[in-house]
Amino acid sequence: MAYKALYRTYRPSTFDEVAGQEHIVKTLKNALATGKLAHAYLFAGPRGTGKTTMAKLLAKALNCDEGIGHQCNECKNCKAIIEGTHPDVLELDAASNNGVDEIRDLIDKVKYGTILGRYKVYIIDEVHMLSTGAFNALLKTLEEPPEHVIFILATTEPHKILPTILSRCQRYDFTKLSDNDIKNRLRDVLNKEGVSFNEDAIDIIISLADGGMRDALSILDQVLAYSGNKLDVQDILDIFALESKEEKLALLNSIVSKDVSDVLSRINRYVSLGTDIKRLTDDLLLILKDILIYQSSRNTSCLEVLSEDEARSFFKLLDIDETLKMIDIIMSAQKDYKSVSSIIPLFEVTILKLITAKKDGEAKEEIPEPQIERPLPKPEPIQQKSVEPQKPAEPEQPVSLFDQPVEEEKPVVLSKDVLVIKDTRKDNSFFVNDDLMINIMVTAKKEIKNQLLDGWSNLKRYITHPTLGKIASLLVDGRPLVASNKVLVIEYQFPTTAERANLIENQEAIQNVVETVFGKKMFVYAVSRKESVRCQQNYMNKLQISKLPKADTVNIEFEGE
Ligand SMILES: Nc1ncnc2c1ncn2[C@@H]1O[C@H](COP(=O)(O)OP(=O)(O)OP(=O)(O)O)[C@@H](O)[C@H]1O
Ligand SMILES: [Mg+2]
Ligand SMILES: [Zn+2]
């Protein structure tokens, strides 16, 4: 015998077998019981949610020999409807027969009485696909339908149907099926088929089906064709090129621990395996959503994909700002996927961006309440802070060439001859050339940089601020690289962010935020990671050939001074 797809085998044969759509079943049953039937119904809703099924059930309920409202599935009317051979139940697929002739043909038959049943039922599937001429022909019939005729129009796109048709129909909106409805139906089918299964496997199918019962059953069909009499998580992952939850969590872990090489090797593996990247992106978003829910409410009942332990483990690694930022990055990637021919490079960039969303630094600190009232409280200026007792040494900080040993505060000789930063404007941005960068580096003070680093997360408090927020979040993305009394150089992972920070139009606002948060007026310049490496090499070369300028011969002056 030819194989029959599961979704056809398990088509509901009575109203009571329909999963979900309770409101529709109830109203139809009621109309059948009271005889208050409409002449035309419109069944609208997503694919595979039961529109055609419901239309056939209604046809049976109208014609069953046992009486109106019954669906015995045994009588000649029921059987003929099930087999699709009933002379009074006519199915027209507008997607394939959208000509005026077909409709006219149909209308011709409308005036004749029934042959076998009580009602003539016209089921027009995908009715939005009818041509205008056919629509108009249909409209005429809908205006004055004979007593014994009932139209059931079905569509996934009700907005494409002419208002004149809509107004003549009783409309029923089918909804996507809930996870639970699908789960129960799948369990039922699996039991009847004698297939062993575990719940995780069912959950994966549900997530793939996206509320469509036909899709859920087709997916199940596909998996069973591959794996025989058991439903296994790994089989589903293999067939649909999905990554396991463990893999997704491991990827996220590498992202937040900024393990770039591990992240890149994972991406390579996905590419070589042909992983469904879009779905992987969607899944990462769901995970982050759960993390955010847990961070903001500690509510575990709303977690969709993570267990409480998993949510808690990320809670320690990320703060709300970082999570929100990662969510933003993923959502914008999802949007961009639609407009690129190959999504892999975009996926790679997205994952690298996620790495930058996690700020540098060690343990997570308590997130201060956002302070949005004005005037903003002025935090202690850096000068005062430096008087605080020495913190225990920070061995975890890699030693950078930029970090000059603290010099005793000898008065700097101000010679006006040296470079001034206003010479560094280039079009609409600041540009610091290598010589000037060397000058900045030799006057840098590790102590100042460390104070800035310590307080850098205070910038987060201003992210929600109406005027400073935008700049604060721009700054918080970077990290102080070199700082002297007058100049602060920030490093960003990517050149585009550095470029934004270097726009002349942003400088004043940046200085304001830095002054507000750190009590220090400084010229702020940004470099990308790549530039910073280059500057470091340059400094090193100069150091080796003793060509570094002496700190006290350098004066840096910024515009407006
Ligand atoms: N609500 C439901 N309850 C139980 N099974 C359903 C339901 N909806 C769909 N199915 C299953 O999916 C199959 C296809 O459903 P149906 O043809 O009714 O969907 P549809 O809404 O008409 O979809 P389309 O818009 O693609 O025409 C059914 O045979 C049945 O196995
Ligand atoms: Mg249908
Ligand atoms: Zn019957």
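Anything mentioned here points back to the structure above.
Residues numbered from 1 in each chain as written. Chains lettered and ligands numbered in written order. Predicted model: local features only at pLDDT ≥ 70, side-chain atom pairs only at ≥ 80, totals over all residues. Heavy atoms only, no water.

1. Some remarks on the site of ligand 1
What counts is decided by this rule: A molecule or strand has a residue near it when one of that residue's heavy atoms lies within 4 Å. Under the rule applied, a polar contact is a pair of N or O atoms within 3.5 Å (in protein, one hydrogen donor and one hydrogen acceptor; residues adjacent in sequence only if both atoms are side-chain atoms). Each accessible area is a Shrake-Rupley estimate made with a 1.4 Å probe; only the visible protein chains count as cover when residues are assessed. Helix and strand assignments follow DSSP, with helices taken as H or I runs no shorter than four residues and strands as E runs no shorter than two, numbered in order from the N terminus. Note on residue classes: Ala, Val, Leu, Ile, Met, Phe, Trp, Tyr, Cys and Pro are nonpolar, Asp, Glu, Lys and Arg are charged, and everything else, Gly too, is polar. The split into domains, and so the bounds of each, comes from an automatic or database assignment of domains.
Surveying the vicinity of ligand 1 reveals 20 residues, the closest of which are Tyr 7, Gly 48, Lys 51, Thr 52 and Thr 53. Separating an oxygen atom of ligand 1 from a backbone N or O atom of Tyr 10 is a distance of 3.5 Å. Between ligand 1 and Thr 53, the relevant distance is 2.4 Å, taken from an oxygen atom to a side-chain nitrogen or oxygen of the residue. For ligand 1, the protein covers 95% of the area, taking 630 Å² as the surface of the free molecule. Of all elements in the fold, only helix 3 (51–63) and helix 10 (213–227) reach the threshold of two or more residues within the shell around ligand 1. Among the residues making up the shell around ligand 1, the classes are represented as nine nonpolar, six polar and five charged. Summarising the domain contributions, the shell around ligand 1 has at least three residues from each of domain 1 (6–173) and domain 2 (179–239).

2. Some words on the sheet that holds strand 5 (residues 170–173)
Keep this limit in mind: Only strands joined by at least two bridges in the DSSP assignment are considered to pair. Each axis is a line fitted through C-alpha atoms, taken for helices only over the stretch in contact, and angles between the N-to-C directions span 0 to 180 degrees. Any two residues having at least one pair of non-hydrogen atoms within 4.5 Å are treated as being in contact.
Here we have five strands laid out as an open sheet, ordered 2-3-4-1-5, and parallel in their pairing. Edge strands, defined here as strands with exactly one partner in the open sheet, are strand 2 (89–93) and strand 5. The mean angle between the axes of side-by-side strands here comes to 15°, regardless of whether they run parallel or antiparallel. Of the strand pairs in this sheet, strand 1 (residues 40–44) and strand 5 are connected by four bridges, and their pairing is parallel. The partner of Ala 44 across the bridge, within strand 5, is Asp 173. Contacts between helix 6 (residues 132–143) and the sheet are confined to strand 1, strand 3 (120–125) and strand 4 (149–155), with strand 4 contributing the most and set at about 140° to the helix.

3. Side note on the coordination of the zinc ion (ligand 3)
We apply this condition: Metal donors: N, O and S atoms at distances within 2.8 Å, or within 3.2 Å for Na, K and Ca, with water omitted from the atom set so that some sites may seem incomplete. When four donors show all angles between 85 and 135 degrees the site is tetrahedral, when four or six donors have opposite pairs over 155 degrees and all other angles between 65 and 115 it is square planar or octahedral respectively, and in every other case it is irregular. Burial classes follow relative accessibility: with a 1.4 Å probe on protein chains only, a residue under 20% of its type's maximum area counts as buried, one over 50% as exposed, and anything between as partly exposed.
Around the zinc ion (ligand 3), the protein supplies Cys 64 (SG), Cys 72 (SG), Cys 75 (SG) and Cys 78 (SG) as donor atoms, at distances of 2.2 to 2.3 Å. Each of the four donor atoms around the zinc ion (ligand 3) contributes to a set of angles spanning 101 to 121°, which defines the coordination as tetrahedral. Counting the intervening residues between successive donors of the zinc ion (ligand 3) yields the motif C-x7-C-x2-C-x2-C. Residue Cys 64 is located in the loop between helix 3 and helix 4 (76–83), and its partner Cys 75 is located in the loop between helix 3 and helix 4; the two are separated by eleven residues in the primary sequence. The exposure class of Cys 75 is buried, given its relative accessible area of 10%.

4. Observations regarding the nonpolar core
Threshold: The definition of a nonpolar core used throughout is a set of buried Ala, Val, Leu, Ile, Met, Phe, Trp, Tyr and Cys residues joined through side-chain atoms within 4.5 Å.
Ranked by internal contacts, the top residues of the largest apolar core, which has 35 residues, are Leu 252, Ile 255, Leu 288, Ile 291, Met 326, Phe 347 and Ile 351. Sort the elements by how many residues they give to this core and helix 14 (residues 277–297) lands first, with nine residues. If you look at the next biggest cluster of nonpolar residues, it comprises 28 residues, including Val 189, Ile 205, Ile 206 and Val 223.

5. Details of the layout of surface pockets
Under the convention used in this document: Whether a set of points on the 1 Å grid over the protein atoms alone is a cavity depends on a 1.4 Å probe fitting there but being unable to get out, while an open set qualifies as a pocket with protein on both sides within 12 Å along at least five of seven lines; lining residues are those with an atom within 4 Å of a point. Grid points are joined across faces, edges and corners, and a volume is the space filled by probe spheres set on the points.
One number sums up the size of the second largest pocket: a volume of about 960 Å³. Along the wall of the second largest pocket there are 28 residues; nearest its centre are Asp 203, Ile 204, Ser 207, Glu 304 and Val 305. Only helix 8 (179–193), helix 9 (199–209), helix 11 (233–239), helix 12 (245–256) and helix 14 provide two or more residues apiece to the lining of the second largest pocket. Top element by residues in the lining of the second largest pocket is helix 9. It accounts for six residues. Partitioning the lining of the second largest pocket into residue classes produces ten nonpolar, four polar and 14 charged. Summarising the domain contributions, the lining of the second largest pocket has at least three residues from each of domain 2 (179–239) and domain 3 (245–357).

6. Section: helix 10
Formally: By this rule, a helix spans an expected 1.5 Å times one less than how many residues it contains.
Here helix 10 is 15 residues long and its end C-alpha atoms lie 21 Å apart, about the 21 Å a rise of 1.5 Å per residue gives. Those residues of helix 10 not exposed but buried are Met 213, Ala 216, Leu 217, Ile 219, Leu 220, Asp 221, Val 223, Leu 224 and Ser 227. Against helix 1 (6–9), helix 8, helix 9, strand 7 (230–231) and helix 11 lie the buried residues of helix 10. After helix 10 finishes, the residue Gly 228 shows a positive phi value of roughly 75°.

7. Section: a positive patch on the surface
Heads up, the condition is: Patch building starts from residues that exceed 30% relative accessible area and form no salt bridge, then joins like charges within 9 Å and nonpolar side chains (Val, Leu, Ile, Met, Phe, Trp, Tyr) within 5 Å. Salt bridge, as used here: a side-chain nitrogen of Lys or Arg that lies within 4 Å of a carboxyl oxygen of Asp or Glu. We count Lys and Arg on the positive side and Asp and Glu on the negative side, and we leave His and both chain ends out. Taken as the charge location is NZ of Lys, CZ of Arg, CG of Asp or CD of Glu.
A grouping of Lys 4, Arg 8, Arg 11 and Arg 214 is seen on the molecular surface, where their side chains present a positively charged patch. Note that Arg 214 resides in helix 10.

8. Thoughts on unusual backbone geometry
In this model, Gln 21 sits at a positive phi of 50°, which is unusual for a non-glycine residue. Note that Gln 21 resides in the loop between helix 1 and helix 2 (22–34). The backbone of Ala 241 shows a phi angle near 50°, a positive value even though the residue is not glycine. The residue Ala 241 is located in the loop between helix 11 and helix 12 in this model.

9. What about the side chain of His 128?
Structurally, His 128 is set in the loop between strand 3 and helix 6. Residue classification places His 128 among the buried positions, given a relative accessible area of 9%. Among the polar contacts listed, one links the side chain of His 128 to the side chain of Thr 155, at a separation of 2.6 Å. His 128 has contacts with Phe 135, Thr 155, Thr 156, Glu 157, Lys 160 and Ile 161, leaving out every residue within four places of it along the chain.

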